[in-house]
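Residue strings, one per chain:
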Amino acid sequence: RENWPIVFYNRTCQCQGNFMGYNCGDCKFGFTGPNCTVRRTLIRKEIYRMTATEKDKFIAYLNLAKRSISANYVIATGTYEQMNNGSNPMFADISVYDLFVWLHYYASRDAFLEGDLVWRDIDFAHEAPAFLPWHRFFLLHWEHEIQRLTGDENFTIPFWDWRDAQQCDVCTDE
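Residues numbered from 1 in each chain as written. Predicted model: local features only at pLDDT ≥ 70, side-chain atom pairs only at ≥ 80, totals over all residues. Heavy atoms only, no water.

Per an unreviewed UniProt entry, the protein chain carries the name Tyrosinase and comes from Anomaloglossus surinamensis. Per its UniProt entry, the protein chain bears the Subcellular location (unreviewed entry) comment "Melanosome membrane". Its UniProt record gives the protein chain a comment under Sequence similarities (unreviewed entry), which states: "Belongs to the tyrosinase family." (UniProt positions renumbered as here; feature names shortened; annotations may be inferred.)

Now the structure itself:
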């Protein structure tokens, strides 16, 4: 979202085959196994079809994610310019949960352009053609990080079918 130098992007991994991740050490979504060749399908459950035990596990995993510092990600706390072209790193640790709060916020905020220009005209996560694929990737990535954190490779984020809802049925203390 900021105009970082192209050299930063050219130094990132270009993963091959069914591998992904910042270091190409993870299987792409939908694959598993030592060489990421085994196809895996996980099915998300509608939240009202979850058992009490499944709901408790979901809440416990979210709470664990809130208390656990990400082993793989940090957030930038300054611009590239403030970091003096990278010689003064400005990064902070972040919890697994807050990483995804931050990613969603970051995709929704104003974009910094050349110089002091700021583009306030679009929310990339919600007001653009990429709404569906962006959120699909976001949820897959969030699931993956919670699976990694908990060791539960079968974890999926439940969904709420709100098509016939007259109000926010999931907006309860539970």
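Caption draft 1: Highlighting the overall build of the protein chain. A count of helices and strands for the protein chain gives 4 helices and 8 strands. Along the protein chain, from the amino end to the carboxyl end, the secondary structure elements read α-β-β-β-β-α-β-β-α-β-β-α. With 174 residues in all, the protein chain has 28% of them scored as buried. Residue pairs in contact within the protein chain that sit at least 24 positions apart in sequence constitute 52% of those at least 6 positions apart. About 12,200 Å² of surface is accessible on the protein chain, with carbon and sulfur atoms providing 55% of the total. Treating the 17 positive side-chain charges of the protein chain as one cloud and the 23 negative ones as another, the clouds have centres 7 Å apart. (Helix = DSSP H or I, 4+ residues; strand = E, 2+ residues; numbered from the N terminus. Buried < 20%, exposed > 50% of the residue type's maximum accessible area, 1.4 Å probe, protein only. Contact = heavy atoms within 4.5 Å. Areas by Shrake-Rupley, 256 points an atom, 1.4 Å probe, with all protein chains shown as cover. Lys, Arg positive; Asp, Glu negative; His and termini not counted. Charge placed at Lys NZ, Arg CZ, Asp CG, Glu CD.)

Caption draft 2: Structural context of the domain arrangement of the protein chain. Segmenting the protein chain into domains produces domain 1 (1-40) and domain 2 (49-173). Between the C-alpha centres of domain 1 and domain 2 there is a distance of 18 Å. (Domains from an automatic or database assignment.)

Caption draft 3: View of the side chain of Asp-152. Secondary-structure assignment places Asp-152 in the segment after helix 4 (131-150). A polar atom in the side chain of Asp-152 sits 2.9 Å from the side chain of Tyr-61. With residues near it in sequence (within four places) discarded, Asp-152 still touches Lys-57, Tyr-61 and Gln-147. (Polar contact = N/O pair within 3.5 Å; in protein donor to acceptor, adjacent residues only side chain to side chain.)

Caption draft 4: Fine view of the state of the cysteines. Per the stated rule, a full pass over the model turns up 3 disulfides. With a sulfur-sulfur separation of 1.8 Å, Cys-168 is cross-linked through a disulfide to Cys-171. One quick way to see it: the torsion about the S-S bond of Cys-168 and Cys-171 is about 60°, and its sign makes the bridge right-handed. Owing to a relative accessible area of 55%, Cys-171 belongs among the exposed residues under this scheme. Numbered by order of appearance in the sequence, the disulfide-linked cysteines of the protein chain pair as 1-2, 3-4, 5-6. (Disulfide = S-S within 2.5 Å.)

Caption draft 5: Representation of helix 3 (residues 96-108) in the model. Here helix 3 contains 13 residues, and its C-alpha end-to-end distance of 19 Å stays within 8% of the 18 Å for a straight helix at 1.5 Å per residue. Residues of helix 3 that are buried include every one of Val-96, Leu-99, Phe-100 and Ala-107, and no others. Seen along its axis, helix 3 keeps its buried residues to an arc of 90°; they face one direction. The inward-facing, buried residues of helix 3 contact helix 2 (52-67), strand 5 (69-76), strand 6 (91-95) and helix 4. (Expected span 1.5 Å × (residues − 1). Arc of directions from axis to C-beta.)

Caption draft 6: Looking closely at the environment of Glu-143. Topologically, Glu-143 is positioned in helix 4. Owing to a relative accessible area of 6%, Glu-143 belongs among the buried residues under this scheme. Taking the C-alpha atoms as reference points, Glu-143 and Phe-29, separated by 114 residues in sequence, lie 9.8 Å from one another. Not counting residues up to four positions away in its chain, the partners in contact with Glu-143 are Arg-44, Phe-155, Thr-156 and Ile-157.

Caption draft 7: The nonpolar core, seen in detail. Grouped together as the largest cluster of nonpolar side chains are 15 residues, with contacts concentrated most on Phe-58, Leu-62, Phe-100, Trp-142, Ile-146 and Phe-155. Of all the elements in the fold, those that place two or more residues in this core are helix 2, helix 3 and helix 4. Sort the elements by how many residues they give to this core and helix 2 lands first, with 4 residues. Excluding residues within four positions of it along the chain, Phe-58 makes contact with Met-50, Phe-155 and Pro-158. (Core = buried A, V, L, I, M, F, W, Y, C linked by side-chain atoms within 4.5 Å.)

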